[in-house]
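# Residue-level structural notes
Residue-level listing of the chains:
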Amino acid sequence: MYNSICSYLTVKQMFKKKIEVPIGIDPINVIGVLCDKGFVLSNMPYVVGRSGEGIALEFRRLRIFRFRDNYEVLIECGNGSARIRLRGSRSTIEMIYSTRSNGLAAEVTYDGPRKWVVSKYVVEIAESLAREAEREARSKRAVAAAALPAGTGSADYSAKLASISWVTKLIMKSVLIKNEVRVLGKGKLHSYIEELLSSGENIFRKYPAIYISGDGDDARFRMLFVGGELRGIYAVVGDKEFFGDDKPLNDVKGLVKLRVYGVLRLPD
Amino acid sequence: MSLRIHKPYILYDDGDHKFVWLGLDESEAEKGILANQYMVVDSGHGLLIDPGGYYVFQRVLENVSEFIDPARVDALFFSHQDPDVIGSLNILLDVFPDATIYISELWVRFIPHLGALDIKRIKPIPDQGMDIVLGKTTLKAIPAHFLHSPGNFHLYDPASKILFTGDLGAAVFPPNTWYLFVEDFDSHAKLMEGFHRRYLPCRRPLDKWLETIRGLDIRMIVPQHGAIMEEDKAEKFLKWLEGLGEIGVEHMEK
């Protein structure tokens, strides 16, 4: 018994699995993100330590079993694939990503002790890195879109409103002037906003821009008015995103929580 | 090189109840005092603990969303009024529309200065502390006044037996080094000493706090800065505080 426990704790065993991760954008862009060592270091799950460019990972199962190792992160890229290798003192984790027509394929390998504790996590790591890389690639695309000048010559902030970091900067430079909950029927949001903007308070005179955000039953939205003109709409209905289109606002209904901010200064 | 750990780590999970560390971002100006943010999830409801300033906000929101819909965040617990604790209040109120703010009654009157004028969403914590119900669990806001803020609370989660201790347990890491769990308490204590001697005002509040928490069954101590202390390390930490000697004013006068 003692011998079998000792061998379980120390003997190296290999685990190998092939997985597929569906991706909603061109997978080559996701591979590009996975080749960025800074991205991999920041988005690696189960990290419990950093020393320079080395990381420590710790895996726990059932509050009794633990495995911890310190790894050097090595990345090789080329021919539409990315090989991420974590070389530890007691174990090695390797993920080889390649493109498929609708996503990524990944070959995941673990070589080290306590396979029973670690194997479930290495698959999760491979999937998580791919998902985060997709999110990063989408975010880069949105930022690029936001940088494009609008056809009318005046900036369209719709894509920027999709970026939580930009909205964070916007709210930092704003004052909350109204926070309320309204029961709105389908298609009634427009009239609420018209009523708000034409109210006696004349908030447009007080603030150079007005930001409105709201959450309804199955939809949420962000709107930006600059100098009294609507200059950006971002809406999410169900799991679909809409940019610069006011039609989805008709779907905002039910108990709607609304926040109106007076923007003191627009972020860059 | 700045440290960025953008994935959460689950500290406790029994299926219905979770205690989660929400990642890390280092700004150069922090000089090694990195801020931790945490979330308790019970029966699909969330409570954020010291969710932090603006520049960590995006990562906090993304990591919260891995576990629950932001609309299910019922509560924001602020241990005190420092910018690394409460700095992102305005955006928090925006993205967590149903969240109630829990903070010491001493600081409620100062919150409008952050631009958050919706006083109805604030639940002041009285000096003696209070219970905070989250799903099926009752969390306890434990008085920790003057450690270091005059209106200061820690949070105890009886389901996970985790005690959040705010600035108590803060450590200053050397450049390019960070770890989540304390492995070697004695070497970690050296990283905590300077902060505790300078940021805590004097000995008496610390002794009073040690009395207050004595009856709690603690499995893990999770500070707002520094590293997490589990099991025997948590015990060693409490003993270390007992034996710390003079701190704050007394230490400076010396």
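Throughout, a residue's number is its position along its own chain's written sequence, starting from 1. Key to labels: chains lettered from A, ligands numbered from 1, both in the order written. Only residues with pLDDT of 70 or above have their local features reported here, since the model is predicted, and side-chain atom pairs are shown and tallied only from 80 upward, although totals for entire chains, interfaces and linings are computed over all residues.

## Brief notes about the overall build of chain B
Put simply, the rule reads: Strands here are runs of E lasting at least two residues and helices are runs of H or I lasting at least four, both read from the DSSP assignment and numbered beginning at the N terminus. Each radius of gyration is computed over the set of C-alpha atoms, and the globule rule expresses the reference value as 2.2 Å times the number of residues to the power 0.38. Our exposure labels follow a C-beta count within 10 Å of each residue's own C-beta, placed from the backbone: buried means 20 or more other C-beta atoms, exposed means 12 or fewer, and partly exposed covers the counts in between. By the convention adopted here, residues make contact when the C-beta atoms placed from their backbones lie within 7 Å.
Summing up its helical and strand segments, chain B has 7 helices and 16 strands in all. For chain B, the C-alpha radius of gyration of 17 Å lies close to 18 Å, the compact-globule estimate for 254 residues. Looking at chain B as a whole, 49% of its 254 residues qualify as buried. Nonlocal contacts in chain B, meaning residues at least 24 apart in sequence, comprise 62% of its contacts between residues at least 6 apart.

## Let's talk about the overall build of chain A
From N to C terminus, chain A includes 8 helices and 13 strands. Expressed as a percentage of its 268 residues, the buried residues of chain A come to 34%. Long-range contacts, defined here as pairs at least 24 residues apart, represent 59% of the contacts in chain A between residues at least 6 apart.

## Focus: the sheet that holds strand 4 (residues 65-78) of chain A
Note: strands within a sheet are paired through backbone hydrogen bonds, in either parallel or antiparallel orientation. To keep it simple, the criterion reads: Pairing between strands requires that DSSP locate at least two bridges from one strand to the other. Fitted lines through C-alpha atoms give the axes, limited to the stretch in contact for helices. The angle between two N-to-C directions lies from 0 to 180 degrees.
What the 8 strands build is an open sheet, ordered 1(A)-7(A)-6(A)-5(A)-4(A)-3(A)-2(A)-14(B); its pairing is antiparallel. Lying at the two open borders of the sheet, with one neighbouring strand each, are strand 1 (13-22) of chain A together with strand 14 (177-179) of chain B. In this sheet, neighbouring strand axes are inclined to one another by 20° on average, regardless of whether the strands run parallel or antiparallel. The pairing of strand 1 of chain A with strand 7 (residues 103-112) of chain A spans 10 bridges and is antiparallel.

## Comments concerning the sheet that holds strand 9 (residues 209-215) of chain A
Residues and elements named next belong to chain A. Spatial ordering of the open sheet is given by 8-13-9-10-11-12, a layout of 6 strands whose pairing is antiparallel. Edge strands, defined here as strands with exactly one partner in the open sheet, are strand 8 (174-184) and strand 12 (240-243). Adjacent strand axes in the sheet meet at a mean angle of 10°, parallel and antiparallel pairs treated alike. Here 4 bridges tie strand 11 (residues 229-237) to strand 12, and the two strands are oriented antiparallel to one another. The partner of valine 236 across the bridge, within strand 12, is glutamate 241.

## Overview of the interface of chain B and chain A
Applicable threshold: For this classification, the nonpolar set comprises Ala, Val, Leu, Ile, Met, Phe, Trp, Tyr, Cys and Pro, the charged set comprises Asp, Glu, Lys and Arg, and every other residue, Gly included, is treated as polar.
If you look at the interface, chain B gives 25 residues, while chain A gives 24 residues. Among the elements of the structure, strand 1 (4-5), helix 1 (54-65), helix 3 (89-95) and strand 14 of chain B are those that each provide at least two residues to the side of chain B that touches chain A. Broken down by element, the residue count for the side of chain B that touches chain A peaks at 4 residues, all from helix 1 of chain B. Taken together, the residues of the side of chain B that touches chain A sort by class into 15 nonpolar, 6 polar and 4 charged. Where strand 2 (residues 47-51) of chain A meets strand 14 of chain B, 3 bridges bridge the pair, whose relative direction is antiparallel. Counted as the bridge partner of glycine 49 of chain A is tyrosine 179 of chain B from strand 14 of chain B.

## Regarding the nonpolar core
What counts is decided by this rule: The term nonpolar core refers to a set of buried Ala, Val, Leu, Ile, Met, Phe, Trp, Tyr and Cys residues connected through C-beta atoms within 7 Å. What fixes the domain bounds is an automatic or database domain assignment.
Counting residues in hydrophobic clusters, the biggest one holds 144 residues, and the most contacted among them are Leu34 of chain A together with Met39, Leu47, Leu76, Phe77 and Tyr102 of chain B. Examining the composition of this core, we find that 9 residues originate from one element, helix 4 (residues 115-147) of chain A, more than from any other. A domain-level breakdown of this core finds at least three residues from each of domain 1 (2-147) and domain 2 (158-263) of chain A. Among residues more than four places away in sequence, those in contact with leucine 34 of chain A are Val40, Ala82, Ile84, Tyr97, Leu129 and Ala133 of chain A.

## Quick word on unusual backbone geometry
Residues and elements named next belong to chain B. In this structure, the amide linkage connecting leucine 147 to the following residue, histidine 148, adopts the cis form with an omega of 5°. Relative to the helices and strands, histidine 148 resides in the loop between strand 11 (137-143) and strand 12 (153-157). Phi angles above zero are rare outside glycine, and asparagine 176 is one such case at about 60°. Relative to the helices and strands, asparagine 176 resides in the loop between strand 13 (162-164) and strand 14. Positive phi values are uncommon outside glycine, yet glutamate 231 reaches one of about 45°. Within the secondary structure, glutamate 231 sits in helix 6 (residues 231-242). By the C-beta count within 10 Å, which is 11 here, glutamate 231 ends up exposed.

## As for the environment of aspartate 13 of chain B
Residue and element names in this part refer to chain B. Take aspartate 13: it is sitting in strand 2 (residues 9-13). The class of aspartate 13 is partly exposed, set by 14 C-beta atoms lying within 10 Å. The sequence separation of aspartate 13 and valine 172 amounts to 159 residues, and the corresponding C-alpha distance is 29 Å.

## Description of the pairing of strand 6 (residues 92-100) of chain A
All names here are of chain A. Pairing between strand 5 (residues 81-88) and strand 6: 7 bridges, direction antiparallel. Among the inter-strand pairings, alanine 82 is bridged to a residue of strand 6, identified as tyrosine 97. Count of turn residues in the strand 5/strand 6 antiparallel hairpin: 3 residues. Taken together, the 9 bridges between strand 6 and strand 7 define a ladder with antiparallel strand orientation. Bridge pairing links arginine 100 to glycine 103 in strand 7. Connecting the antiparallel pair strand 6 and strand 7 is a turn made up of 2 residues.

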